[in-house]
Amino acid sequence: MTTVSVMSLKENEKAISYVKQMFEQKLSSKLNLIKVSAPLFVTAHEGLNDNLNGWERCVSFDAIALENTRLEVVQSLAKWKRLAVRYYDMQPGEGLYTDMKAIRRDETVGPLHSILVDQWDWEKAISKEARGIDTLKATVQLIYGALKETEAELAAIYPHNGPLLPDEISFVTTQELEDAYGDLSPKERENRIAKEKGAVFLMGIGGKLASGEVHDGRAPDYDDWQLNGDIIVWNSVLEMAYEISSMGIRVDEAALDYQLRESGCEDRFSLPFHTMLMNKELPYTIGGGIGQSRAVMFLLRKSHIGEVQMSVWPTEMIESCRKNGINLLSALI
């Protein structure tokens, strides 16, 4: 990590706010989304919290006002948003987004990862017939267009942040990557394709590949593993593949049944959310999360997520960043 920001601390904060406002406006316009309020915590018994890869521990607590009720700080709003689409009576083509903040206590922190997660979490109603690859790709292109436009407008204000993204985003499946680079690890494959293409949507995450391995873990009860993926760009500051967004068409009854059984999570069938889904009481949707600090970090050409996000870091990381001229926001006070 050797990049030194050319912005003052005040300029940095103004730029962070500007990027967030600009991208949020473009995203909501392109996807036809309205902004709604989001929970910081949910009850443990409803099955609404994101289980991520299945082993991460959520932060849980009790409250005097809610006797015998365990509350959990959200890890993401993947399932909650689908209920919200139903609650707000969104029709196909309409959707919502939120400012989501989560705590992931088991995260390994570093230049890209923090205990604090902040995302634009979004969800959009679609018809049953629209559950297909064409809908997925078209939505990815709209999100990428919002990112490209934000990058171009930002470069006009901060010339040192010249555009880097290619004109178009490429599409590739995890199986195609395994076929092409079977001798590499999944992360090495992502580095290879991201550097080659500049921007790629990596499709089909969560299910087993021909080798019997999975490219990466994905919870079995929100994305359809055949109709999901990650938006990944090449980060020239860190010289690595860089995930901006995880998204996908959400499970229908058949996909949920298969994925819960494949994952050995049949116990979830009895949870309220899953029961509603199996009874066809929830709308069909597409949705995802776009990392706010991740997007800002990339667009402002920062080398550490702590430069754009207020979090807590190990002392040795703070000292290492300080020696390299990297200002972690939380270490300034």
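Before going into details, it helps to say that this report is about the structure given with it. Note that this is a predicted model, so its numbers are computed, not measured.

Observations concerning the sheet that holds strand β2 (residues 41-43)
Part 1 of the reasoning: If you trace the three strands from one edge of the open sheet to the other, you get β2-β4-β3, paired in antiparallel fashion. Looking along the sheet, the strands with just one partner apiece sit at the ends: β2 and β3 (60-63). Averaged over neighbouring strand pairs, the angle between their axes works out to 40 degrees when direction is ignored.
Part 2 of the reasoning: In this structure, β3 lies alongside strand β4 (residues 66-73), joined through four bridges in antiparallel fashion. Its bridge partner lying in β4, A63 is registered against L66.

Quick look at the packing of aromatic side chains
Any two aromatic rings considered together are summarised by their centre-to-centre distance and by the angle between their planes.
Part 1 of the reasoning: Tallied over the entire structure, the rule returns five aromatic pairs.
Part 2 of the reasoning: Ring geometry for F41 versus F61: centroids 5.4 Å apart, planes at 85 degrees, classification edge-to-face. Placement of F41 in strand β2 and of F61 in strand β3 is noted, with a sequence separation of 20 residues between them.
Part 3 of the reasoning: Taking the centre distance of 5.1 Å and the plane angle of 85 degrees together, the rings of Y87 and Y88 count as edge-to-face.
Part 4 of the reasoning: Take Y88: its relative accessible area is 37%, and that puts it in the partly exposed class.
Part 5 of the reasoning: Cation over ring: K137 sits above F171, and NZ or CZ is 5.3 Å from the ring centre.
Part 6 of the reasoning: A cation over a ring is seen here: R301 above F298, with NZ or CZ 5.1 Å from the ring centre.

So, how was this worked out
Residues numbered from 1 in each chain as written. Predicted model: local features only at pLDDT ≥ 70, side-chain atom pairs only at ≥ 80, totals over all residues. Heavy atoms only, no water. Pairing = 2+ DSSP bridges. Helix = DSSP H or I, 4+ residues; strand = E, 2+ residues; numbered from the N terminus. Axes fitted to C-alpha atoms, helices over the stretch in contact; angles between N-to-C directions. Phe/Tyr/Trp six-rings, centres within 6.5 Å; stacked < 30°, edge-to-face > 60°. Buried < 20%, exposed > 50% of the residue type's maximum accessible area, 1.4 Å probe, protein only. Lys NZ or Arg CZ within 6 Å of the ring centre and 35° of its normal.

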